[in-house]
Amino acid sequence: MPPPLDLVFSGGGTRGVALAGALDVLEQHRPAVRRVVGTSAGAIAAVFGAAGIPSREYLKLVPAKPGDPFLFNAFMAAPPGEKVRDSARQKGSQTRLVLRTAVDSAADKFLEGVAQRRPRIGEMLQGAFQLGKQPFYEAAFERFLERAAERDQDPKNPRKTVLLFSLIEFGGLFEPDLFRSWLVERLSAPLPRFTRTTTLAEFQQMTAGIGRELSVVASDSTDAKPLVLNRRTAPNCPVVEAVLMSLSVPLIWPETIWRKEWGAYLDRDLVGHFIVDGSLLANLPLHYVLHREDAEVRRVMGEPDREPGAVIGLFLDVSLPVPGDVAAAERLEFKLLERIERMFGTLTAWQWDALKGTDELICRIGAKGHPSLELTQAPEAIQRLQALVNSGRCAMTDYLKKRKLF
């Protein structure tokens, strides 16, 4: 009889659709799965698996043809423009600070130039500016927001201004509430009692008949420590918030602040801590299913299993080509996303040292040349996503042949 499996999913943004292709092949062998552990985009695959959502449902998130809805990135959009502008209007907002600094710098440079040529006139203008500075700021700021609202309505403008405001005000480009609604909609289909407030402990009870334990990995950027969120470590943390924290790539999504009602993480009080993407500290967290004798791992994952099992790590590998791939994606139009992706790749490169000696356990899924965020529904973008799904299928087919698990 095939051994029970522990599945570990890496992150990778919208490349995560390749995980669905790999699971589609794996599910044909009807494996018994004990644990699902996911980081970032892999956290979505993990929570779907823990809820018993089959890969065929996951695959529906990818358009089959141009014009079909792209459900996988339905939650990757900027907040409503009015929400961002309302936040910017607040006293002490980050947008006010940035613009005021820019205006002060420009005014100082102008007045300095006048003073050098006409000292008395420069002195008079400086005094007048100081007296009327606040009304000037307010009028200029409101006009700035009005023009931003006008641009927001321009069909030729892809809302870049709103994205920039969101980054300044909230620390991320995308609206997290869209993701919360999206995930509840997906999980409440197989689990009718699932809501935004369903905790990790309650989720485990809801899915007891499925028999898979969920863990998602996030990063505590306040203490620079990984968090493995599950029913043992953070039983009162809502599932939706745990998955959102796990995929909150810095600057792409706003960081989450741990709330009092979520309780402690093991014996640590995290209230007020900033939580971000788990990939920063554990992109492929095999450690937590391999080293079950370690005392700290036992606290997180429970006592070692009596029945021997097998581990498969599904890794989205941007160094491997996609079989039969279409042309690689062009450089992203919104350059900030491209820069963030490069920075993130550099920051996480060190983690491979911790995975030495585990190559046999890793199913590497080719994703070379594919952006981490597909934000358009252009035909070539849909082709890239379909190619990624196929890459997952090919990788898992080859992997199972080599490892001979079934």
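Residue positions are given per chain, counting from 1 as you read along its sequence in written order. Local features in this predicted model are restricted to residues of pLDDT 70 or higher, and side-chain atom pairs are both shown and tallied only at a pLDDT of 80 or more, whereas totals for entire chains, interfaces and linings draw on every residue. To obtain the side-chain values, all non-hydrogen atoms of the structure were included, while hydrogens and water were left out.

A.B. asks: Please explain the side chain of Glu169 as it appears in this structure.
C.D. replies: Each helix corresponds to a stretch of at least 4 residues labelled H or I by DSSP, and each strand to a stretch of at least 2 residues labelled E; elements are numbered beginning at the N terminus. Its place among the elements puts Glu169 in helix H7 (residues 160–170). For the purposes of these results, a polar contact is taken to be a pair of N or O atoms within 3.5 Å, where, inside protein, one atom must be able to donate a hydrogen and its partner to accept one; residues adjacent in sequence count only when each atom of the pair is a side-chain atom. Only 3.1 Å separates the side chain of Glu169 from the backbone nitrogen of Gln94, close enough to count as a polar contact. Beyond its immediate chain neighbours, meaning those up to four positions away, Glu169 contacts Val84, Ser87, Ala88, Ser93, Gln94 and Thr95. By the convention used here, residues are in contact when the closest approach between their heavy atoms is within 4.5 Å.

A.B. asks: Is there a simple way to think about the environment of Cys363 in this case?
C.D. replies: Within the fold, Cys363 resides in strand S8 (residues 362–366). Judged by its relative accessible area of 1%, Cys363 is buried. Taking the C-alpha atoms as reference points, Cys363 and Asp398, 35 residues apart in sequence, are found 8.8 Å from one another. For the exposure calls, accessible area comes from a 1.4 Å probe over protein chains only, and a residue counts as buried if that area is under 20% of its type's maximum, exposed if over 50%, partly exposed in between.

A.B. asks: Is there a simple way to think about the packing of aromatic side chains in this case?
C.D. replies: For any pair of aromatic rings, the description rests on two quantities: the centre-to-centre distance and the angle between the ring planes. Note on aromatic pairs: the rings of Phe, Tyr and Trp (six-membered ring only in Trp) are paired at centre separations within 6.5 Å, and the planes decide the class, stacked below 30 degrees, edge-to-face beyond 60, tilted for the rest. Tallying each qualifying case throughout the model produces 10 aromatic pairs. One aromatic cluster is present, built from ring pairs that chain together Phe48, Tyr58, Phe75, Phe174, Phe179, Trp182 and Trp253. It is Lys83 that lies over the ring of Phe170; its NZ or CZ is 5.7 Å from the centre. Lysine and arginine charges are scored as sitting over a ring when NZ or CZ, respectively, is within 6 Å of the ring centre and within 35 degrees of the ring normal.

A.B. asks: Can you walk me through the pairing of strand S6 (residues 274–277) in this structure?
C.D. replies: Remember that side chains alternate between the two faces of the sheet whenever the strand is regular. At least two bridges found by DSSP between two strands are what make those strands a pair. Of the strand pairs in this sheet, strand S3 (residues 213–220) and S6 are connected by three bridges, and their pairing is antiparallel. Residue pairing across strands places Ser219 opposite Val276, the latter belonging to S6. Sheet analysis places strand S5 (residues 256–257) next to S6, joined by two bridges and oriented antiparallel. Within the sheet, the bridge partner assigned to Ile257 lies in S6 and is Phe274.

Bear in mind that shape data such as this cannot, by itself, settle questions of function.
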